[in-house]
Amino acid sequence: MKSKITTLTFLLVITLLSCNQESQFKDFKYADKPETITCDGVNLKLLNEALYSFENDIITHYHKGNGTPRLDQAYSQIIRNSIYGRLKIEDIASKHTVNVFEALKKEDNLWDANNPKSHLNYNSKVLNCIANSLKDTSLKTTLNALISTNSMAPKLFGPALVSKSRNALNDKSLAMYITLDLFYAKMFDIDFSKVNFERTEQKVDFNAVPSIKNPAEDPHAGHNH
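The structure contained in this document is the topic of the report that follows. Going along each chain's sequence as written, the residues are numbered from 1 onward. Side-chain atom pairs in this predicted model are given and counted only at pLDDT of 80 or more, local residue features only at pLDDT of at least 70, and totals for whole chains, interfaces and linings cover all residues. Hydrogens are left out, water is left out, and the side-chain values use all remaining heavy atoms of the structure.

Let us look at the overall build of the chain. Secondary structure summary: the chain contains eight helices and zero strands in total. Secondary structure of the chain in N-to-C order comes out as α-α-α-α-α-α-α-α. Per-residue burial over the chain gives 44% buried out of 225 residues. Taking all contacts inside the chain whose residues are at least 6 apart in sequence as the whole, residues at least 24 apart take part in 69%. To qualify as a helix, a DSSP run of H or I must reach at least 4 residues; to qualify as a strand, a run of E must reach at least 2; elements of each kind are numbered from the N terminus. For every residue, the accessible area (1.4 Å probe, protein chains only) is compared with the maximum for its type, and the residue is labelled buried under 20%, exposed over 50%, or partly exposed between those bounds. The criterion used for residue contact is that any of the two residues' heavy atoms lie within 4.5 Å.

What counts as a salt bridge is simple: a side-chain nitrogen of Lys or Arg found within 4 Å of a carboxyl oxygen of Asp or Glu. Counted according to the given criterion, the structure contains six salt bridges. Across the salt bridge formed by glutamate 102 and lysine 105, the nearest N and O atoms sit 3.1 Å from each other. Residue classification places glutamate 102 among the partly exposed positions, given a relative accessible area of 33%. A salt bridge links lysine 164 to aspartate 136; the nearest nitrogen and oxygen atoms lie 3.1 Å apart. Note that lysine 164 is positioned in the loop between α7 (154-162) and α8 (172-181) and aspartate 136 in the loop between α5 (125-131) and α6 (137-148), a separation of 28 residues in sequence. When salt bridges that share partners are traced, they join Arg70, Asp72 and Arg166 into one network.

Once that is clear, we can look at the nonpolar core. Here is a general trend for soluble globular proteins: nonpolar side chains tend to be buried in one another's company. Membership of the largest hydrophobic core comes to 61 residues, with the highest contact counts inside it found for Tyr75, Ile78, Ile178, Phe183 and Tyr184. Those elements that place two or more of their residues in this core are α2 (44-63), α3 (71-83), α4 (95-104), α5, α6, α7 and α8. The greatest single-element share of this core, amounting to eight residues, is contributed by α2. Definition of nonpolar core: a set of buried residues of the types Ala, Val, Leu, Ile, Met, Phe, Trp, Tyr and Cys, connected through side-chain atoms within 4.5 Å.

This part is about the packing of α2 against α3. Put simply, α2 and α3 touch, their axes get as near as 9 Å, and they point 90° apart. Between α2 and α3, the angle falls in the class roughly perpendicular. Of the residues in α3, those in contact with Leu51, Phe54, Glu55, Ile58, Ile59 and Tyr62 of α2 are Leu71, Ala74, Tyr75, Gln77, Ile78 and Asn81. Three residue categories are used. Nonpolar comprises Ala, Val, Leu, Ile, Met, Phe, Trp, Tyr, Cys and Pro, charged comprises Asp, Glu, Lys and Arg, and polar comprises the others, including Gly. Taken together, the residues of the contact of α2 with α3 break down into nine nonpolar, two polar and one charged. Axis definition: a line fitted to C-alpha atoms, limited for helices to the stretch in contact. Angles are taken between N-to-C directions and run from 0 to 180 degrees. An angle below 35 degrees is read as roughly parallel, one above 145 as roughly antiparallel, one from 65 to 115 as roughly perpendicular, and any other as oblique.

Moving on: α2. To estimate the expected span of a helix, count its residues, drop one, and scale the result by 1.5 Å. Between its first and last C-alpha atoms α2 spans 28 Å; for 20 residues at 1.5 Å apiece the expected length is 28 Å, and the two agree. With 17 of its 20 residues buried, α2 lies for the most part within the structure. Looking at the residues trailing α2, positive phi occurs at lysine 64, about 55°.

This part is about the state of the cysteines. Cysteine sulfurs are considered disulfide-paired once they come within 2.5 Å of each other. Going through the model one piece at a time under the given rule, you end up with one disulfide. A disulfide bridge connects cysteine 39 with cysteine 129, and the sulfur atoms are separated by 1.9 Å. Taking the sign of the torsion about the S-S bond as the criterion, the disulfide between cysteine 39 and cysteine 129, at about -80°, is left-handed. Placement of cysteine 39 in the loop between α1 (2-22) and α2 and of cysteine 129 in helix α5 is noted, with a sequence separation of 90 residues between them. A residue is classified by how much of its surface remains accessible, and cysteine 129, at 14% relative accessible area, is buried.

This brings us to the environment of arginine 70. As for its position among the elements, arginine 70 is in the loop between α2 and α3. Since its relative accessible area comes to 32%, arginine 70 is described here as partly exposed. Residues adjacent in sequence count toward polar contacts only when both atoms are side-chain atoms; beyond that, a polar contact is any pair of N or O atoms within 3.5 Å, and within protein one must be able to donate a hydrogen and the other to accept it. Within polar-contact distance, the side chain of arginine 70 engages the side chain of aspartate 72 at 2.6 Å.

A few words now on the environment of leucine 87. As for its placement among the helices and strands, leucine 87 is situated in the loop between α3 and α4. A relative accessible area of 17% places leucine 87 in the buried class. In sequence terms leucine 87 and glutamine 77 are ten residues apart; their C-alpha atoms lie 9.3 Å from each other. Beyond its immediate chain neighbours, meaning those up to four positions away, leucine 87 contacts Tyr62, Ile78, Asn81, Ser82, Ile92, Leu182, Phe183 and Lys186.

In structure tokens form, the structure reads like this:
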């Protein structure tokens with residue numbers, strides 16, 4: 001009987017410690033920003049923080065002091081660099097983003113350590129929500145088809161994103177996919193203990209992002225200049 005009580009106590013302590021670890025993240029810098037996606041049963045507050053911190057990092061990195069910061073251009077760069085193997089996360093991610101990543105790693109069902117194509121779990125609640133919430137019909141159809149056939153991979157879905165990268169500004173479900181699969185999922189392979197975070201950080205004015213036309217109305221969509 002004593003042994004059973006000891007085992008039960010041990011399991012209770014482990015459970016409490018686990019719950020405490022999951023709720024440790026308190027450093028929300030973007031809590032005042034609009035919600036990005038609407039999904040049930042997921043940590044929306046942390047996911048919002050992850051997306052806004054990611055956007056701040058990429059616009060800071062790709063701007064480099066040249067003219068007015070353009071989030072649409074930053075998305076275009078990050079997508080191309082990520083799917084074509086040119087992404088250097090250690091040069092982009094801020095310390096805050098790494099801290100967010102450490103919290104994201106504790107999120108149940110979000111990651112798949114055994115998937116060689118991506119550490120993101122394509123059968124998670126978050127991805128299911130994203131796949132059914134995309135505004136662009138063709139992207140939505142492609143993503144759902146790849147997931148349903150267990151063939152989803154950044155290199156397969158990525159090319160479809162290249163010509164529609166600017167959609168991420170108006171479609172936060174798409175932005176969240178890019179954030180998680182093309183950036184955070186790749187952070188598992190980085191040793192951040194060797195990264196120098198003493199870089200000048202620039203705070204993004206998310207309200208200053210240029211408005212994006214409907215892709216069908218944009219004569220330059222899909223073209224490189």
